[in-house]
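# A structural walkthrough
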Amino acid sequence: CKLRAKDINVLFAIHPVAGRMPGHMNVLLAEAKVPYDITFALDDINADFADTDVALVLGANDIVNPAAQTDVDSPIAGMPVLEVWKATHTICMKRSLRVGYAGVDNPLFVNDNNLMFLGDAKTSLLKLISLLDEPSSHVSTPASSLFMGSGDSIRDIEAPKPKRKTHQRVKSVDPFLARISELQSNAFLKVGVVIEIADEFEARVAITPDIAKRLLKSGIQVLMESNAGLGGGFLDGAYAEVGCKILNSAQEVYDSASVVIKVREPIMHPVGLKHEIEMMTAGSTLIAPVSPQTENGKLIMNMAREAGVNLLAVDAIPRISRAQNLDTLSSQSKIAGYRAVIEAAYIYQRFMNGEVTSAGSFGACKVLVIGAGVAGLAAIATASNMGAIVRAFDTRLECREQVESLGAEFLVPKFDEEDEEGDLEGTGYSRIMSEEYYMKEMELFREQAKECQIIITTAAIPGAPAPKLIMKDAVDNMCPGSVIVDLAASTGGNCQLTKPGTIWTYDQRVTIVAYDNLSSRMSWQASSMYANNMANLLDLLCKEHKFVIDMEDPVVRGMTVVLHKNITWPPPKSVTQTKAAPTKSPDQKKEAKKDDLIIIQTPEAPSLFSRRLFDLATVGEFCAIICFACFFVVVGLFAPISFVSQVLYFLLAGFLGFYLIWAVEPSLFSPLMSTSNSLSGVVILGGILMASEPSGSPTNVLACSAIAVSTINVVGGFAISYRMLLMFKKEE
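Residues numbered from 1 in each chain as written. Predicted model: local features only at pLDDT ≥ 70, side-chain atom pairs only at ≥ 80, totals over all residues. Heavy atoms only, no water.

## A few points about the sheet that holds strand β3 (residues 54-58)
As summarised here, the arrangement of the 3 strands in space is β3-β4-β5, forming an open sheet in which the pairing is parallel. Two strands lie at the open edges of the sheet, namely β3 and β5 (114-118), each paired on one side alone. Shown here is a sheet whose adjacent strand axes are inclined to one another by a mean of 15°, direction ignored. Where strand β4 (residues 89-94) and β5 come together, 5 bridges link them in parallel fashion. Paired with M93 across the two strands is F117, which belongs to β5. (Pairing = 2+ DSSP bridges. Helix = DSSP H or I, 4+ residues; strand = E, 2+ residues; numbered from the N terminus. Axes fitted to C-alpha atoms, helices over the stretch in contact; angles between N-to-C directions.)

## Some words on a nonpolar patch on the surface
Among the surface-exposed residues, F628, F631, F632 and L648 lie close enough to one another that they form a single nonpolar patch of about 370 Å² accessible area. A total of 3 residues in the nonpolar patch trace back to one element, the largest contributor, which is helix α24 (residues 619-638). A relative accessible area of 33% means that F632 is categorised as partly exposed. (Patch = residues over 30% accessible without salt bridge, like charges linked within 9 Å, V, L, I, M, F, W, Y side chains within 5 Å. Areas by Shrake-Rupley, 256 points an atom, 1.4 Å probe, with all protein chains shown as cover. Salt bridge = Lys/Arg side-chain N within 4 Å of Asp/Glu carboxyl O. Buried < 20%, exposed > 50% of the residue type's maximum accessible area, 1.4 Å probe, protein only.)

## Observations concerning the pattern of salt bridges
Summed over the entire model, instances satisfying the criterion amount to 22 salt bridges. A salt bridge links D553 to R322; its shortest N-O distance comes to 2.9 Å. Of the two residues, D553 sits in the loop between α20 (523-541) and α21 (554-559) while R322 sits in the loop between β13 (310-313) and α13 (328-348), which places them 231 residues apart along the sequence. In this structure D553 comes out as buried when scored by relative accessible area, which is 9%. The shortest N-O distance in the salt bridge between D476 and K472 comes to 3.3 Å. Of the two residues, D476 and K472 are both situated in helix α19 (residues 472-477); the distance of 4 residues between them amounts to about one turn of the helix. A single salt-bridge network, built from bridges that share partners, covers D199, E202, R204, R264 and E265.

## Quick look at the pairing of strand β23 (residues 560-563)
Here 2 bridges tie β13 to β23, and the two strands are oriented antiparallel to one another. Paired with L311 across the bridge in β23 is V562. In terms of strand pairing, β23 meets strand β24 (residues 566-567) through 2 bridges, oriented antiparallel. The residue bridging V562 from the neighbouring strand is I567, located in β24. Counted along the chain from β23 to the antiparallel partner β24, the turn is 2 residues long, and its residue H564 has a positive phi close to 55°.

## What about α20?
If you check α20, its first and last C-alpha atoms are 26 Å apart, about what 19 residues at 1.5 Å a residue would give, namely 27 Å. Most of α20 sits out of view: 14 of its 19 residues are buried. (Expected span 1.5 Å × (residues − 1).)

## What to know about the packing of helix α9 (residues 209-217) against α20
The contact between α9 and α20 brings their axes to 9 Å, and the two run at 15°. Considering the angle they form, α9 stands roughly parallel to α20. Between α9 and α20 the crossing geometry is right-handed. Of the residues in α20, those touching α9 at I211, R214 and L215 are A531, N532, A535, N536, L538 and D539. Residues belonging to the contact of α9 with α20 are distributed by class as follows: 5 nonpolar, 2 polar and 2 charged. (Parallel < 35°, antiparallel > 145°, perpendicular 65-115°, else oblique. Left-handed = near helix turned anticlockwise from the far one by under 90°. Contact = heavy atoms within 4.5 Å. Nonpolar A, V, L, I, M, F, W, Y, C, P; charged D, E, K, R; others polar.)

## A short note on a negative patch on the surface
Residues D43, D44, D48, D51 and D53 make up a contiguous surface patch of negative charge. By secondary structure assignment, the location of D44 is in helix α3 (residues 42-45). (Lys, Arg positive; Asp, Glu negative; His and termini not counted. Charge placed at Lys NZ, Arg CZ, Asp CG, Glu CD.)

## Some details on the packing of α13 against helix α14 (residues 374-385)
Packed helices, taken two at a time, are described by the angle their axes make and the gap between the axes. Running from N to C, α13 and α14 point in directions that differ by 40°, and their axes come no closer than 7 Å. When you trace α13 past α14, the crossing you get is right-handed. In this structure, α13 uses S330, S333, K334, G337, Y338 and V341 to contact α14, whose residues at the interface are V374, A375, A378, A379, T382 and A383. Class assignment of the residues belonging to the contact of α13 with α14 gives a composition of 7 nonpolar, 4 polar and 1 charged.

## Here we look at the sheet that holds strand β8 (residues 245-247)
One open sheet holds the 8 strands; their spatial order is β8-β7-β6-β9-β12-β13-β23-β24, and the pairing between them is mixed. Because the sheet does not close on itself, it has two edges, and the strands there are β8 and β24.

## Quick look at the side chain of R509
Tracing the chain through its elements places R509 in the loop between β21 (503-506) and β22 (510-513). Of the polar contacts made by the side chain of R509, one reaches the backbone oxygen of M478; its length is 2.4 Å. Once residues lying within four places of it in the same chain are set aside, the contact partners of R509 are V475, D476, M478, C479, P480, G481 and S482. (Polar contact = N/O pair within 3.5 Å; in protein donor to acceptor, adjacent residues only side chain to side chain.)

## Some details on the nonpolar core
With 44 residues, the main nonpolar core has I207, L215, V222, M224, I261, I287 and M534 as its most contacted residues. Of all the secondary-structure elements, those providing two or more residues to this core are α8 (180-185), β6 (189-193), α9, β7 (220-225), β9 (259-261), α20 and α21. The element contributing the most residues to this core is α20, with 8 residues. Contacts of V222, omitting those with residues within four sequence positions, involve V191, V193, I207, A212, L215, C244 and K245. (Core = buried A, V, L, I, M, F, W, Y, C linked by side-chain atoms within 4.5 Å.)

## Some remarks on the pairing of strand β20 (residues 483-486)
Here β20 shows two buried faces, one formed by V483 and V485 and the other by I484 and D486. With 4 bridges joining them, strand β19 (residues 454-457) and β20 adopt parallel strand pairing. Along β20, the bridge assignment pairs I455 with I484. Where the polypeptide runs from β19 across α19 and back to β20, its parallel neighbour, the crossover connection is right-handed. (Right-handed = clockwise from strand over helix to strand, strands pointing away.)

## What to know about the environment of L216
Note on placement: L216 falls in helix α9. Residue L216 is classed as buried on the basis of its relative accessible area, which comes to 1%. Taking the C-alpha atoms as reference points, L216 and C244, separated by 28 residues in sequence, lie 8.4 Å from one another. If near-sequence neighbours (up to four positions away) are discounted, L216 is found in contact with F176, I180, L183, Q184, Q221, V242 and G243.

## Observations concerning the packing of aromatic side chains
Under the definition given, this model contains 4 aromatic pairs. Over the ring of W504 we find K499; its NZ or CZ atom is 4.0 Å from the centre of that ring. Above the plane of the ring of Y515 lies R521, whose end atom (NZ or CZ) is 3.5 Å from the centre. (Phe/Tyr/Trp six-rings, centres within 6.5 Å; stacked < 30°, edge-to-face > 60°. Lys NZ or Arg CZ within 6 Å of the ring centre and 35° of its normal.)

## Points about the side chain of N517
Mapped onto the elements, N517 comes out in the loop between β22 and α20. By relative accessible area, which is 13% here, N517 ends up buried. When residues no more than four places from it in sequence are discounted, the contact partners of N517 are E202, R204 and R264.

## Details of α9
Quick reminder: α-helices carry 3.6 residues per turn. Residues three or four places apart thus point the same way. Listed in full, the buried residues belonging to α9 are P209, I211, A212, L215 and L216. Down the axis of α9, the buried set is contained in an arc of 155°. They therefore lie on one face. Buried residues along α9 sit against α7 (175-178), α8, β7, α10 (236-241) and α20. Where α9 ends, the next residue or the one after it, G219, has phi of about 100°, a positive value. (Arc of directions from axis to C-beta.)

## Observations regarding the environment of K94
When you line up the elements, K94 lands in strand β4. You can call K94 buried: its relative accessible area is 12%. A sequence separation of 34 residues divides K94 from A60, and the C-alpha atoms of the two residues are 7.7 Å apart. In this structure, K94 is in contact with G59, A60, N61, F109, F117, L118 and G119, ignoring residues within four places of it in sequence.

Now the structure itself:
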């Protein structure tokens, strides 16, 4: 618009390929307020390039490549292209000088009359537009000084201007730093963080410096054991800068803090040979994973009760929507699923995606993910993004939609047809719990092991050993170089050959990865997500500058396992039960089984009327034709001539309405379609003629109804056409 305001003729060219669908491009042009009268297709614009002073190319490559007309050996020879090189000057705006989809060099970029403008097209255009608003003395800068000219000299208009050495910019100071002393003195709660000692490979930390800063602003000071964040890349200096107090030992933290947060469950501390709960002061609170449903969790709860320590289990937070930002199991499982694919790809040492190169063709890796929980879905998404062919299995059939939305194939065990047609007890969730389903499941895994090079298992049952899903015979079916990553290794593993906490190679063919804490191998990310969960939890527990364990809150009640020397686990069922999965009555369960049967049953056999005859039409269509023929024979022999003509008009109108309006998808409507829709309302004329019959007669009533309906069609059609055409008109 600014160029046209300066009396410069501007035309907009569209290539049929780059423009994708013309209707889509029309909408984009309308949104960009490009006048429709200056937009031309390839065949209409090519003749004008010879008289064009400047041709501005935005990101295009192959569609403006002159080799399509000059080089008969080029892969794109003969392809219709925009002949921009015929203009007096061309300016190509691209991010880089890489080749296009065809993989051939573009001689346009090195033409003498071409200037290259490298960078983001939107940013570059905004810079150029700003130059049009500057005084003429600045706009007169030669174009060659703004773009790539002869030689290697380049001036990038997007590059920041060099700073003057005589004026050194003063670095701004965060106002928070000046308030640290004040915030520390006004803190109402001290939260302690110690080094995780669960195993030598644990590198996570419960609170990161960014979260410590956020907590101090809300009145919570963090006490850190020295080097507690070292494994995650968080140095003591980073904590000290945001107001954390660095203490030399874990005992000092336990003595000074009212609340202690841990990433792993409390264990015997190697220094002092005391249990971490015994190191805490009576009345303080420990927030950590406990696994209260396990025997070890029960021992920890009894120890906390005897020590007078309140215990909040982060792995017992109810799975309800308002507690999603507190769910450490989900955040850490997501990291484990992501890391599992990375570990597998590193060991597999082949392409995850399919590759076709001059050095050979390589097929895509096939990945089987067992379990479509948080970790499983993360593994599916990561493997799909890396180009692998992903298959997934889960006993919960409702996971199918989530799995398929991530680009994976959902596997369902196959049953005999007579079983599928039998009673409902053999399908759905009832079959999942049966021995028959388990055997079919094992058979499915054995077959998939022959085809898949990577298997990732995530199936775990809280408070129970992990189920064995990949047996030795399935591992024997895997090809050499395959990888199994067992995310359930901490509870025994899903693979029969898993050795928890280790990585080993079975029969010099299949590598089995059984690290019991994959999240810790991404310690920075895992610590950051865990710290966010803990910050959200402290926001819930701290009300009006007081730390309160509110047992009326279902989230707090669900995770509180020891309070005031009383074991409060397990919580009431009303707390653990989610609204998304209410208790079902027997009748509802039977209906659910029916739904499950519908999901997995085979398609019904085609009916008699759907069979084709002579490869021309179906039996049903032939029957319809015969019926119509008989109808017309009867009408032609016995009906009056006036009735026959009216029937023909009615049938023609019906065909016209069906194929012109009813059979057209609404998404394909256009100004032309809405106009034809309005024109089809000419039946209003017939209604006006028929309305002359006596008032109240059936003919008169039907005619008036036709007039009313046709009026809606006519007025609505033209109204829609007018609104759509306004999109292509320039606003005043």
